[in-house]
Amino acid sequence: MQKRLEKIADNNITRSASKNSAIARLNGFWSVFERSDTVLIAINADPDAIASAMALKRLLSYRVQSVTIGHPNEIRRLNNLTMVDRLKVPMERLHTLSAKDYSKKILLDSQPNHLACFERMTFDVVIDHHPVTTGWDAAFIDIRPEYGAVSSMMVEYLRAAGIKPSVALATALFYGIKVDTQNFQKHNMQIADGISFRYLFNIANLNLVRKFELTELRRSELRYFRTALNELKVSKRRAYVHLGKVSTPDILVIIADFFNRVEGFDWVIVSGVHVEKLVVIFRCDGYRKNAGKLAKTTFGRFGPAGGHREAARAETPIKNLGLRENQEFTTNTLIRLITQHVK
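Bear in mind that the values here come from a model prediction, so they are computed numbers and not experimental data. (Residues numbered from 1 in each chain as written. Predicted model: local features only at pLDDT ≥ 70, side-chain atom pairs only at ≥ 80, totals over all residues. Heavy atoms only, no water.)

A. Inspection of the pairing of strand β9 (residues 267–274) at higher detail. In terms of residue burial, β9 counts as a mostly covered element, since seven of its eight residues are buried. As defined by bridge partners, strand β8 (residues 238–245) adjoins β9 across six bridges and the pair is classed as parallel. For Tyr 240, the partnering residue across the bridge sits in β9 and is Ile 269. The parallel pair β8 and β9, bridged by helix α11 (residues 250–260), forms a crossover whose chirality is right-handed. Taken together, the eight bridges between β9 and strand β10 (residues 277–284) define a ladder with antiparallel strand orientation. (Buried < 20%, exposed > 50% of the residue type's maximum accessible area, 1.4 Å probe, protein only. Helix = DSSP H or I, 4+ residues; strand = E, 2+ residues; numbered from the N terminus. Pairing = 2+ DSSP bridges. Right-handed = clockwise from strand over helix to strand, strands pointing away.)

B. Representation of the pairing of strand β4 (residues 104–108) within the structure. Along β4, five of the five residues are buried, which leaves the element largely enclosed by surrounding structure. Neither face of β4 is open: one carries Lys 104, Ile 106 and Leu 108, the other Lys 105 and Leu 107, and all of them are buried. One ladder, built from three bridges, connects β4 with strand β5 (residues 125–128); its direction is parallel. Following the sheet pairing, Leu 107 is matched in β5 by Val 126.

C. Broad picture of the domain arrangement of the protein chain. Domain boundaries in the protein chain define domain 1 (5–214) and domain 2 (220–340). The C-alpha centroid of domain 2 is placed 28 Å from the C-alpha centroid of domain 1. Each partner contributes to the interface: domain 1 provides ten residues, whereas domain 2 provides eleven residues. Counting the surface lost from both domain 1 and domain 2, the interface buries some 970 Å², and carbon and sulfur atoms represent 51% of this. Across the contact surface, domain 1 and domain 2 share zero salt bridges. On the surface where domain 1 and domain 2 come into contact, there are two residue pairs in polar contact (both at pLDDT 80 or more). Class assignment for the residues of the side of domain 1 that touches domain 2 results in one nonpolar, six polar and three charged. (Domains from an automatic or database assignment. Contact = heavy atoms within 4.5 Å. Buried area = accessible area lost by both parts, 1.4 Å probe. Salt bridge = Lys/Arg side-chain N within 4 Å of Asp/Glu carboxyl O. Polar contact = N/O pair within 3.5 Å; in protein donor to acceptor, adjacent residues only side chain to side chain. Nonpolar A, V, L, I, M, F, W, Y, C, P; charged D, E, K, R; others polar.)

Shown next, in the form of structure tokens:
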């Protein structure tokens, strides 16, 4: 653990770091690779991760033999599908790839113990902006929880390398920063995020960004709003909703963000079941509250759980919850679990 923390410290920079520090980190990243390497970039595909993978692929151009972007999750959210389609981002489903076919592997916008499929792999590089976790190691580590988006970190890498991003890459990074900082409303947004965002502003295609943002819902998904409004239970300024089985966990995020804009809700907790797994989305204002801590405290013993002060997520197989036979998970079940741990 100490060795890994030292690597994080060695590779980390603060917002006041010099250009030489950014170049040193870039060279440290490049030093992991050889010209003959075949590289796999593993991501849990969302706008920030997709954009960052595009940037890393550009950074490795002409330095390795090949770069493949692989993701375990099915991309169902229309914003993300539109982004991938319009920018023609080449990606493969991770289960169709064989890890042994790649001499070097990178994990981006995540850490090995975030997903079971990542835990089974050994990574040479890990770059992320989520809170540091334990139980893994890599030759090169750059984790900056103080940054709002990995895309901001990627802009620093590109600029240190003297690479001006193409319109497509700049558009992806611009959108990645917008999404992960929630248009600079998230508590952990840094000056560095703003600097990267401003740099991309004059390069990105803003019309495409608006297209990504506006394409959000399928008509078939409108039914979840009816369910959410019918299931909504409010107690002590906390809004609880369990949607039952959902076609994609992304709808839980959309519903949670919708209720988070409603006056009078200090907390929003939305859950649903996808492929026999309970997914819980947490939202709050982050003021004297910590969504990541609540997610971990409530569901951490069952499966992966955590996040930031104002936004968090938990996932666990339903069987891990120890429900009685034929007992269904309901909004009331969600309330009972949460109220044991929230003040």
